[in-house]
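Inside the fold
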Amino acid sequence: MTAIRAADSGRPAPTAPGPAAGGGRGVATTARGSLFGLAGSAANALFGFVLVAVVTHGLGARGAGAVFTGVAAFTILSNTLKLGADTSLVRFVSRDLELSGGGGVPGLLRISVLPTLLASTAGAAALLFSPGTAGLLLPDLPPGEAASLIRLFAVFLPVTTVALVLLGATRGYGSVVPFVGVEQIGKPALRVLLAVPLVLLAPSVTALSAAWLVPGVLGLVAACVSLRRSRRMRPGTGRPSPQAREFWAFAGPRAVSSVFDITAVWTGVILLSALGTAAEAGVYTAIGRLVTAGTLLQLAIRLAVAPQISRLLAGGDVPGAHHLHRLSTRWIALFSWPVFLVLAAYPRTVLSLFGPGFSGGAPGLVVLAAACLVNVGVGNAQTVILMAGRSVWNLAVAGAAFVVQLGSAVWLVPRYGVLGAAVSWALAIVVDNGASALLARYRLGFRTVDRGYAGAALVGLVAVALPVFAMRTFLGDSVPGAFLGIVLSVGAFGAAIWRYRLPLGVGEFFGALRKRGSENSR
């Protein structure tokens, strides 16, 4: 791939500071971070499946719907009240490390943490003194129990919000280990460990909600320790450059767009709980878990690639940033498309893992699987826009997608239930990712489609789609059909990957994993 990198930079390979140099180091760091992030995402998905299974079997679809409606509202609030400071810290800390060696990081922390702490505390107070909100979100619960549940979530709101901001700063240092360890492994594992004995001994909506919330306290402690360690390793010797006005000018639009992003995931749950039934909300939550599982690699690469693109752009290595985006998008599409093809082929079989009563969500799962082919197909176009400093563009796109989702959901959910919620979310996914890809390509020059990308698409269609849908045709949406389809597709996919590993970029990925040292130890 050296020739490709030299061509991307437009300069001789030995002297170019583009992909062959800075971009190459960015590829190595991204590859290692993505591998660890993928392991964390897999663990998060596994623990998430187990938790949903434990809660649904312990409380039934109605009780599980109440728990996850509270989780949905809490997640939206915590992501709103961090005010976009976590993403802003990823960008500004990585830039500061590139330009001044980290001298401005203390100032960046001062101007970011206190506002988010005040905002989340105010949000918690509002929940504590507005019992009417509980009746709107949880109409299936007795008023007293619903109010107590909302107050419980309110108490933990500042803890979780500040932890997310601090973990954003650790990502700015170029390491995904603290975020993955806390958010994707530590907290999900503790939630399962707490939920299992509660289901066996004293299952209740309040107790299982507490099991979901309590690990957030340990998450805050771990975030503080990890950030302190990162700062000790890179104390900063250059001239500090914290800029409060620039920081919040970027964070402000991101704060609003992050609300749209997280609301897109949970809008269906909340609307189904309010306009439909708690049982439908539980089924939709299970579908959401499956869709999230399909984006494991995309999420993992997003964690690792964001600070690298920001660093490359800050250092003037635009060709290196372009190369890193193309290569990472190719990895995402190549390994994520097969997951959604399997989900689309065998939706009832997959949903049966959650127990009886969930197979009715199969049409919704097919719709979302199709939309997610677009999602993973454009890679992390939103990340490119944000790390290039265009948070206003990101806000405009996310806002448009949210309007599409909410407008269609209000009309579709009362009529079609889970399917209506899935269609509205699918429309938002296509709008958000399609518009982001167009902006990244035609306004920032980040091209996604090349020969390697076309090869990845062909491998997914031929090696995976043909066997899984062939078995679906002959054996139906059944366990034997799913088993044979997956086995045949894994064999064909593995053979194609090995045969075309160089043009697909797989060889460069694993080659980067073998390199020692870290980009940030220069």
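Structure: above.
For clarity, every value in this text was computed on a predicted model and none was experimentally measured.

1. Quick look at the pattern of salt bridges
- With the rule as written, the count across this model stands at 4 salt bridges.
- The salt bridge involving Lys82 is made with Asp86; its shortest N-O contact spans 2.9 Å. No difference in accessibility class separates Lys82 from Asp86, as the two residues are buried.
- A salt bridge links Glu98 to Arg311; the nearest nitrogen and oxygen atoms lie 3.9 Å apart. Of this pair, Glu98 sits in helix 3 (residues 85-100) while Arg311 sits in helix 13 (residues 296-314), and the two are 213 residues apart along the sequence.

2. Quick notes on helix 3
- Of all 16 residues in helix 3, 13 are buried; the element is thus mostly enclosed.
- Of the residues trailing helix 3, Gly101 is marked for its positive phi of about 75°.

3. Some details on the nonpolar core
- Counting 124 residues, the largest nonpolar core has Leu89, Leu138, Tyr284, Ile287, Leu351 and Leu368 as its most contacted members.
- Top element by residues in this core is helix 2 (residues 18-81). It accounts for 14 residues.
- In contact with Leu351, not counting residues within four places along its chain, are Ile287, Leu290, Phe358, Ser359, Gly361, Ala362 and Leu365.
- Counting 17 residues, the second-largest nonpolar core is a separate cluster that includes Val464, Ala465, Met471 and Ile497.

4. A look at the packing of helix 9 (residues 205-213) against helix 10 (residues 215-233)
- Two elements in contact, helix 9 and helix 10, have axes whose closest approach is 5 Å; the angle formed by their N-to-C orientations is 10°. One finds that helix 9 runs roughly parallel with respect to helix 10. Across from Ala211, Trp212 and Leu213 in helix 9, the residues of helix 10 making contact are Pro215, Gly216 and Val217.
- The class makeup of the residues in the contact of helix 9 with helix 10 is 5 nonpolar, 1 polar and no charged.

5. Observations regarding the side chain of Arg254
- Of note, Arg254 is situated in helix 11 (residues 244-275).
- Those residues in contact with Arg254 that lie beyond four places of it in its chain are Gly84, Thr87, Asp261, Leu386, Ser391 and Asn394.

6. A look at the environment of Leu484
- Within the element layout of this structure, Leu484 appears in helix 21 (residues 479-499).
- In this structure, the C-alpha to C-alpha distance between Leu484 and Met471, residues 13 residues apart in sequence, is 6.9 Å.
- Ignoring sequence-local partners within four residues, the contact set of Leu484 consists of Met471 and Leu475.

7. What to know about a nonpolar patch on the surface
- Taken together, the side chains of Phe474, Leu475, Phe483, Leu484 and Val487 make up a nonpolar region of the molecular surface, amounting to roughly 530 Å² of accessible area.
- Those elements giving two or more residues to the nonpolar patch turn out to be helix 20 (451-475) and helix 21.
- Tallying contributions element by element places helix 21 first for the nonpolar patch, with 3 residues.
- Along the polypeptide, Leu475 turns up in helix 20.
- The exposure class of Leu475 is partly exposed, given its relative accessible area of 39%.

Cut-offs used in this document
- In this convention, every chain numbers its residues from 1, walking through the sequence in written order.
- The predicted nature of this model means local features are confined to residues of pLDDT at least 70 and side-chain atom pairs, given and counted, to a pLDDT of 80 or more, with totals for whole chains, interfaces and linings taken over all residues.
- Only hydrogens and water are removed before side-chain values are computed, so all heavy atoms of the structure are retained for them.
- Any Lys or Arg side-chain nitrogen found within 4 Å of a carboxyl oxygen on Asp or Glu counts as a salt bridge.
- We call a residue buried when its accessible area falls under 20% of the maximum for its residue type, exposed when it is over 50%, and partly exposed in between, using a 1.4 Å probe and counting protein chains only.
- To qualify as a helix, a DSSP run of H or I must reach at least 4 residues; to qualify as a strand, a run of E must reach at least 2; elements of each kind are numbered from the N terminus.
- By nonpolar core is meant a set of buried Ala, Val, Leu, Ile, Met, Phe, Trp, Tyr and Cys residues that side-chain atoms within 4.5 Å join together.
- Throughout, a residue-residue contact means that at least one pair of heavy atoms, one from each residue, lies within 4.5 Å.
- Only the stretch in contact is used when fitting a helix axis, every axis being a line fitted to C-alpha atoms; angles between N-to-C directions are given from 0 to 180 degrees.
- Small angles under 35 degrees read as roughly parallel and large ones over 145 as roughly antiparallel, with 65 to 115 read as roughly perpendicular and the rest as oblique.
- When residues are grouped by polarity, Ala, Val, Leu, Ile, Met, Phe, Trp, Tyr, Cys and Pro land in nonpolar, Asp, Glu, Lys and Arg in charged, and all others, Gly among them, in polar.
- Surface patches are drawn from residues lacking salt bridges whose relative accessible area is over 30%; two like charges belong together within 9 Å, two nonpolar side chains (Val, Leu, Ile, Met, Phe, Trp, Tyr) within 5 Å.
- The method behind every accessible area is Shrake-Rupley, applied with a 1.4 Å probe, and residues are considered shielded solely by the protein chains displayed.

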